[in-house]
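Coordinate inspection notes
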Amino acid sequence: QVQLVESGGGLVQAGGSLRLSCAASSRTFSSYDMGWVRQAPGKEREFVAGISDSGGKTYYADSVKGRFTISRDNAKNTVYLQMNSLKPEDTGAYYCAASRGHSLRVVRLEYDYWGPGTQVTVSS
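From a predicted model like this one, the values you see are computed outputs, not experimental measurements. (Residues numbered from 1 in each chain as written. Predicted model: local features only at pLDDT ≥ 70, side-chain atom pairs only at ≥ 80, totals over all residues. Heavy atoms only, no water.)

A short note on the state of the cysteines
- A full pass over the atoms with the stated rule returns one disulfide.
- Residue C22 pairs covalently with C96 via a disulfide, S to S 2.1 Å. Measuring the twist about the S-S bond at about -75°, one finds the C22-C96 disulfide to be left-handed. Residue C22 is found in strand 3 (residues 18-24), and its partner C96 is found in strand 9 (residues 92-99); the two are separated by 74 residues along the sequence. Residues C22 and C96 agree in their burial class; the two are buried. (Disulfide = S-S within 2.5 Å. Helix = DSSP H or I, 4+ residues; strand = E, 2+ residues; numbered from the N terminus. Buried < 20%, exposed > 50% of the residue type's maximum accessible area, 1.4 Å probe, protein only.)

Shown next, in the form of C-alpha cells:
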C-alpha cells in the first residue's frame, strides 16, 4: 500500500513557475515508477510527466516538454514537478501516481496508486 500526498499547487500568472511535490508513505518508494497526471475541468485526465524508479528515465507530454521537469529523491520518498513558463491551458488538478512494472506504464496512465490531487490555476 502506498499513500501519496501532493502539495505546492496554487494560483500563478501566465509565465510564472510552480513546484509540485508528492510525498509517499511507502518504504518501497524506490521500487515504483512515478508520474504526474492532470485533469482540466470537463476534460479527461492526461499524462504530464513520468519518471522511472531509479530516476534514470523520464517521459513528458509534448505539451510540457521544455517547460516542466520531473525529478525524484528516493531518500526522501518524494517526487517533484518543476513547472516553468506556465500557460492558462496548464490549469487543472494535478495528481501524483505510482506504478510498478515497466516504466512506460506511467505514460499509459496504468497506475496502482493515486494521490488526492492539488489544484493549479494559471491566470492570463
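Once the structure has been displayed, the description carries forward.
Structural notes on the pattern of salt bridges
- Taken as a whole and judged by the stated rule, the model has seven salt bridges.
- Here D90 and R38 are joined by a salt bridge, their closest N and O atoms 2.9 Å apart. Taken together, the positions of D90 in the loop between strand 8 (78-83) and strand 9 and R38 in strand 4 (residues 33-39) put the pair 52 residues apart, joining distant regions of the chain.
- R108 is paired through a salt bridge with E110; the nearest N and O atoms lie 3.2 Å apart.
- Through salt bridges with shared partners, a single network forms among R38, E46, R67 and D90. (Salt bridge = Lys/Arg side-chain N within 4 Å of Asp/Glu carboxyl O.)

What about the nonpolar core?
- M34, W36, V79, L81, M83 and Y94 are the most contacted members of the largest nonpolar core, which has 33 residues in total.
- Counting residues per element, the ones that place at least two in this core are strand 3, strand 4, strand 5 (46-51), strand 7 (68-73), strand 8, strand 9 and strand 11 (118-123). (Core = buried A, V, L, I, M, F, W, Y, C linked by side-chain atoms within 4.5 Å.)

Honestly, that's just the spatial picture; any functional story needs more than this.
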